[in-house]
Amino acid sequence: MIQRGHKPAERDAPQTSDAELMQQLAAGQLGALGELYDRYQAGLRSFLGRATRDSHDVDDLLHATFLAAAKSAERYDGRSSCRPWLVGIAAQLLRRRRQTLGRLVAVLASLKDIQPSATDPSPTLHARTDVDRALARLSQPKRLTLLMAEVEGLTCAEIAEALAVPIGTVWTRLHAARRELRQALDAERSGKP
Amino acid sequence: MKARAAELACPRLFEVEALRDGRLTGTEVTRFQSHARTCPICAQEMQSITELAEALRSTATPPKADELRVRRERTRLLAAFDASLAPIPGSSRTKLWLAAVAALTVVAMLAWRLRPSRTAAPVVASPNSVQVQAATTTKWSRRAENQLETITLEAGTLSIRVDHQRPHRRLLVMLPDGELEDVGTTFSVSAAAAHTTQVTVQDGSVILRLRDLPALTLRAGDSWSPARAPAPDTAASVLVPPQPPLPSVHSANPARASVPSSSNAAAPAGNNSDSATDFRAAMSAFTSGDNARASSLFAAFLGQHPRDSHAEDAAYLRVLTLQRAGNAGDMKQAATEYLARYPHGFRYAEVEPLSH
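Source: prediction; values computed, not measured.

Participant: What is the right way to look at the packing of helix α9 (residues 156-163) of chain A against helix α10 (residues 167-190) of chain A in this model?
Facilitator: When two helices pack together, their arrangement is given by the angle between their axes and by how far apart the axes lie. Residue and element names in this part refer to chain A. Contact geometry for α9 and α10: axes closest at 8 Å, N-to-C directions at 110 degrees. In terms of orientation, α9 lies roughly perpendicular with respect to α10. Residues C156, A157, I159, A160 and L163 of α9 pack against I167, V170, W171, R173 and L174 of α10.

Participant: Looking at this structure, I do not really get the side chain of Q92(A). What am I missing?
Facilitator: Residue and element names in this part refer to chain A. Topologically, Q92 is positioned in helix α5 (residues 83-112). Since its relative accessible area comes to 16%, Q92 is described here as buried. In terms of polar contacts, Q92 uses its side chain to reach the backbone carbonyl oxygen of A162, at 2.7 Å. Discounting residues that sit within four places of it in the chain, Q92 has contacts with A162, L163 and A164.

Participant: Could you clarify how one ought to interpret helix α2 (residues 18-26) of chain A in this entry?
Facilitator: The α-helix winds at 3.6 residues per turn, so residues separated by three or four positions along the chain end up facing the same way. Residue and element names in this part refer to chain A. Within α2, the full set of buried residues consists of D18, L21, M22 and L25. Angular distribution of buried residues about the axis of α2 spans 100 degrees; they occupy a single face of the element. One or two steps after α2, the chain reaches G28, where phi turns positive at roughly 90 degrees.

Participant: Explain the state of the cysteines to me, please; I cannot follow it from the model alone.
Facilitator: Formally, a disulfide is one covalent bond, and it connects the sulfur atom of one cysteine to the sulfur atom of another. Residues and elements named next belong to chain B. Across all of its chains, the model carries zero disulfides over all chains by this definition. Distance from the sulfur of C42, which forms no disulfide, to the nearest cysteine sulfur (C10) is 3.5 Å. Relative accessible area serves as the criterion here: at 0%, C42 is assigned to the buried category.

Participant: I would appreciate a short explanation of the pairing of strand β7 (residues 195-210) of chain B in the present structure.
Facilitator: Looking along a regular strand, one sees side chains alternate from face to face of the sheet. Residue and element names in this part refer to chain B. Relative to strand β9 (residues 222-225), β7 runs antiparallel, the two being bridged by two bridges. Bridging across to β9, V199 finds its partner in W224. As paired strands, β7 and strand β8 (residues 216-219) are joined by four bridges and run antiparallel to one another. Each residue of the ladder has a partner; that of V206, found in β8, is L218.

Participant: Where do I start with a nonpolar patch on the surface in this structure?
Facilitator: Residue and element names in this part refer to chain B. There is a patch of nonpolar side chains on the surface, built from W97, L98 and V101 and spanning about 300 Å² of accessible area. Mapped onto the fold, W97 is located in helix α6 (residues 92-113). Looking at W97, the relative accessible area reads 57%, which means it is exposed.

Cut-offs used in this document
- Residues numbered from 1 in each chain as written.
- Chains lettered and ligands numbered in written order.
- Predicted model: local features only at pLDDT ≥ 70, side-chain atom pairs only at ≥ 80, totals over all residues.
- Heavy atoms only, no water.
- Axes fitted to C-alpha atoms, helices over the stretch in contact; angles between N-to-C directions.
- Helix = DSSP H or I, 4+ residues; strand = E, 2+ residues; numbered from the N terminus.
- Parallel < 35°, antiparallel > 145°, perpendicular 65-115°, else oblique.
- Contact = heavy atoms within 4.5 Å.
- Buried < 20%, exposed > 50% of the residue type's maximum accessible area, 1.4 Å probe, protein only.
- Polar contact = N/O pair within 3.5 Å; in protein donor to acceptor, adjacent residues only side chain to side chain.
- Arc of directions from axis to C-beta.
- Disulfide = S-S within 2.5 Å.
- Pairing = 2+ DSSP bridges.
- Patch = residues over 30% accessible without salt bridge, like charges linked within 9 Å, V, L, I, M, F, W, Y side chains within 5 Å.
- Areas by Shrake-Rupley, 256 points an atom, 1.4 Å probe, with all protein chains shown as cover.
- Salt bridge = Lys/Arg side-chain N within 4 Å of Asp/Glu carboxyl O.

Laid out in structure tokens, this is it:
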């Protein structure tokens, strides 16, 4: 009986390195994309889930991340793990999505003559714990930077490269994100809005 | 306020974050670490930032996607990538030719659609290229979203026809215990008591994915139904954990079928038992890492049980074991055989590169 929880190839096959997989992907090999998906979909799903809190968005963003990775595989720099690179692509897509949503919200707000919120409203809708709610109060750039550093374990240099911002911006965002998160947590725990 | 007071209390407090973010180098790290050992304010700040990070890591992630959803998304991704690799027709002459063919196709479709109907079947809903017939007692619903049409069957029987000559969305039939994906077909599907009880394909093919069972491709003339669990044996049930029943696939085409072409849901017990034993033996060799033996056993399984529900898995695992055994020639041959046999197989995308 096949145990479907783990694919056989994941269990005990000598693994092809990420760099080799990316080379195969750049050559248009579908199997390499399947292998890459098997390796990283769960981790990326968690990252996107924390960043968006919307399961419908997560599926679409995950799909778009791997597709974008496949299309730019030939530009992969050959590092041993492509996880930071994939997280970076996912973060870029999140940023673009926010910009698109932001433009839409601005247009709608101008029609209704109301002030659009600086933060993405969707994470708040799905936040469950006080940390979730406090995290949702951060602007998306700060939230993404903080998650990439503290949860995904990316270095500041990797985050800067992934988000295409100067490293000083990453440091500033991290500092501000920690400060705001602590303040938001204090407010959550003391029952203030 | 508290932070401001702390900053006044220790001018080096900012170095806590600098250390964490990798802004300190070489001796700066060593010096600050020795300072933090003697400064309770900096030590507390370090602890506070660490706790903040732990709190972030412990935030609930969305519910883990179930296996079927992951497999479906994986298939969707590979199909999208595959489509992106397809060459785009270039010359205007080719475009003109394609337009002419498209126009002819539209005319032919219109003629076909306008022909007098010979049957009085109760078509319940046909707003697009998917026609669904359902008995009045069938519990079902349909939903279209973006490029996906989902039909959910709770109980009863549906007969579905997908007209692939017309623009259409991907069609998924959600079953109580799995799902069924259309690959261009006319088929019927039944469910009862939270289980799929019958799938019959009249034209084209479908991929049936049920929980805890391998994906199964059913083609025109095939009929699937779950095998009934063997009658409980009191003595045996104490000693041996019950095995899940193996499904059976029957083909209406005698030339393709190796099992009797019966509509009875249960296949002969002897056949099932043999195929299950053979498959387990091959899997045992596979999991123990004896790839040469596993590939032989999978090949033997395919020879003896070509229509078994595990046949596609066996064909794929044979390719995998030959690859692991370093037998490139036989692996290519096995991959080619898999592709020929399962042109819509679940592992097609993975096997295809290995056939070259």
